[in-house]
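In case you want the letters, here they are:
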Amino acid sequence: LPLLLKATLLRLANGSYRPFYNGFYYNHIMNDNGDGQDKVDYFSGARLVVETSKDPVYSYNGANVTLPCHYHYEPDLGPKRKIRIKWSKLRDDYTKEQDVLVAIGKTYMAFGDFKGRAHIRQASRHEASLVISDVRLKDDGKYRCEVIDGLEDESDVVDLWLQGIVFPYQPPRGQYRLNFHEAEQACQDQGAILANFNQLFQAWSEGLDWCNAGWLADGTVQYPIRLPRKPCGGVHLAPGIRSYGQRHRHLHHFDAFCFSSALKGEVFYLGRLAGMTLEEAKQSCQDAGAEIARVGQLYSAWKFVGLDRCNAGWLADGSVRYPIVTPRANCGPAEPGVRSFGFPSKGRFGVFCYRER
């Protein structure tokens, strides 16, 4: 955080700008230069220890989640002390931090997208847990809990993993038409975000096999292969995640791998005997107090609610799809999945609608 902000929070909590020290680690004495300046002598004493969950914390879109963090001293220093707590969200490579929240005593300040959604839970002595309400897709990631007691500064990291589904996406105009920024927008338009590598790897481990390369959130281009074959890197390569590495975010064009989580509402199907055009389908959803569903919402309903429908229906992007949980005759391949008819310019179908609960 900027020094001015730190000073402001310190003033709110203590009524002054004076730094405070834990009174145990450090002893202020005059230095040997005779210039009247203090120096800080370190001497053996209590050690500050910060601990978070070693296992990932799982949550889903729209839920409330608590990221545990506790601290203590070795040996114990007795009554609770006035310390500073800082939570940050990290990139997977630890190279950049996003400020989430800072707190001193009962005074705290949240930042950016976490304003109004994040606060500190201090239900027990030496607790510094972070509570995030209305979890969003982009909240998935690593979080650092940092405890500052005077000149002592210790931290630990906890992972927040959203339960979700990765799906490949290409726009109506065809394969490999999206630069990185267009891929980001395409996923957002479908109620999702660009997937990260961990999410793609999890999807691959659960059976995702897709031969078209797509953007990930870190600017790399990759694709998951379960069954090696000639058009997908060759038959002699082992199954795994194929990577093109970092690509130019403006000049290079690929598909996208999007990530969506559980839904707050419900997806349902509407049909007519004669079918509907896309515009008629949108109106039918509105008449039912809903909106036409997005691709990410259909995938989420298939994954988390078990939506199984052998009737093809329009979606918001102009595609026609249907979700199959239990494969059967006349409903596509022998594996479960979301089937696609592409983006038909003509034709009459049913529609999948989405309604908030």
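Look up: the structure comes first, before these words.
Anyway, here's the lowdown on the structure attached to this text. None of these values were measured; they are calculated from a predicted model.

Before going further, it helps to spend a moment on the overall build of the protein. Counting its regular elements, the protein contains five helices and 25 strands. Relative to its 357 residues, the protein shows a buried fraction of 45%. Within the protein, counting contacts between residues at least 6 apart in sequence, those at least 24 apart form 58% of the total. With an accessible surface of roughly 18,200 Å², the protein has 51% of that area assigned to carbon and sulfur atoms.

Across the sheet, which stays open at both edges, the six strands sit in the order β4-β13-β12-β7-β8-β9 with mixed pairing between neighbours. The open sheet has two edge strands with one neighbour each: β4 (57-59) and β9 (107-110). Each neighbouring strand pair of the sheet contributes to a mean axis angle of 25°, computed without reference to strand direction. Across four bridges, the pairing between strand β8 (residues 97-104) and β9 is antiparallel. In the sheet register, I104 faces β9, and the bridge partner there is T107.

Glancing now at the packing of aromatic side chains. Tallied over the entire structure, the rule returns 16 aromatic pairs. With centroids separated by 5.7 Å and ring planes inclined at 85°, the aromatic side chains of Y58 and W161 adopt a geometry described as edge-to-face. Placement of Y58 in strand β4 and of W161 in strand β13 (residues 152-162) is noted, with a sequence separation of 103 residues between them. On the basis of relative accessibility, which here comes to 48%, the residue Y58 falls in the partly exposed class. Considering the side-chain rings of F180 and W215, the 5.6 Å spacing of their centres and the 75° angle between planes classify their relative orientation as edge-to-face. Placement of F180 in helix α2 (residues 180-189) and of W215 in strand β16 (residues 214-215) is noted, with a sequence separation of 35 residues between them. Assessed through its relative accessible area of 2%, F180 is described here as buried. On the accessibility criterion, W215 (0% relative accessible area) is buried. Within the aromatic cluster, the residues linked to one another by ring pairs are Y176, F180, W215, Y223, Y244 and F254.

Turning to the layout of surface pockets, a few remarks are in order. In this structure, the largest pocket encloses a volume near 1,300 Å³. Lining the largest pocket are 42 residues, with I165, V166, P168, A203 and L208 positioned closest to its centre. Put simply, the parts of the chain that give the lining of the largest pocket at least two residues each are β12 (141-149), β13, β14 (164-169), α3 (197-205), β19 (255-261), α5 (295-305) and β24 (337-340). Partitioning the lining of the largest pocket into residue classes produces 18 nonpolar, 13 polar and 11 charged. Lining the second largest pocket are 32 residues, with K89, R91, K138, A217 and D218 positioned closest to its centre. For the lining of the second largest pocket, the element with the highest residue contribution is α2, accounting for four residues. Grouping the amino acids of the lining of the second largest pocket by side-chain chemistry returns 11 nonpolar, seven polar and 14 charged. Looking at which domains feed residues into the lining of the second largest pocket, each of domain 1 (47-162) and domain 2 (164-260) supplies at least three.

Our next topic: the pairing of strand β7 (residues 84-90). In terms of residue burial, β7 counts as a mostly covered element, since six of its seven residues are buried. Judged from the seven bridges that link them, β7 and β8 form a sheet pairing that is antiparallel. Residue pairing in the sheet places W87 in a bridge with L101 of β8. Pairing of β7 with β12 involves seven bridges; the strand directions are antiparallel. From the neighbouring strand, K89 faces β12, where its bridge partner is Y143.

Our focus in this paragraph is the sheet that holds strand β5 (residues 65-67). What the three strands build is an open sheet, ordered β5-β11-β10; its pairing is antiparallel. Looking at strand neighbours, the two that pair on one side only are β5 and β10 (118-121), the edges of this open sheet. Averaged over all adjacent pairs, the angle separating strand axes in this sheet is 30°, with direction ignored. Pairing between β10 and strand β11 (residues 129-132): four bridges, direction antiparallel. Bridge assignment links H119 to a residue of β11, and that residue is V131.

The next point concerns the state of the cysteines. Applying the stated criterion across every chain, the model contains five disulfides. The disulfide bridge from C187 ends at C258, spanning 2.0 Å between sulfur atoms. Disulfide C187-C258: the torsion about the S-S bond is -80°, which places it as left-handed. With C187 in helix α2 and C258 in strand β19, this pair connects stretches of sequence that are 71 residues apart.

What counts, and at which threshold
Residues numbered from 1 in each chain as written. Predicted model: local features only at pLDDT ≥ 70, side-chain atom pairs only at ≥ 80, totals over all residues. Heavy atoms only, no water. Helix = DSSP H or I, 4+ residues; strand = E, 2+ residues; numbered from the N terminus. Buried < 20%, exposed > 50% of the residue type's maximum accessible area, 1.4 Å probe, protein only. Contact = heavy atoms within 4.5 Å. Areas by Shrake-Rupley, 256 points an atom, 1.4 Å probe, with all protein chains shown as cover. Pairing = 2+ DSSP bridges. Axes fitted to C-alpha atoms, helices over the stretch in contact; angles between N-to-C directions. Phe/Tyr/Trp six-rings, centres within 6.5 Å; stacked < 30°, edge-to-face > 60°. 1 Å grid on protein atoms, 1.4 Å probe; cavity = no way out; pocket = protein on both sides within 12 Å on 5 of 7 lines; lining within 4 Å. Points joined across faces, edges and corners; volume = space filled by probe spheres on them. Nonpolar A, V, L, I, M, F, W, Y, C, P; charged D, E, K, R; others polar. Domains from an automatic or database assignment. Disulfide = S-S within 2.5 Å.

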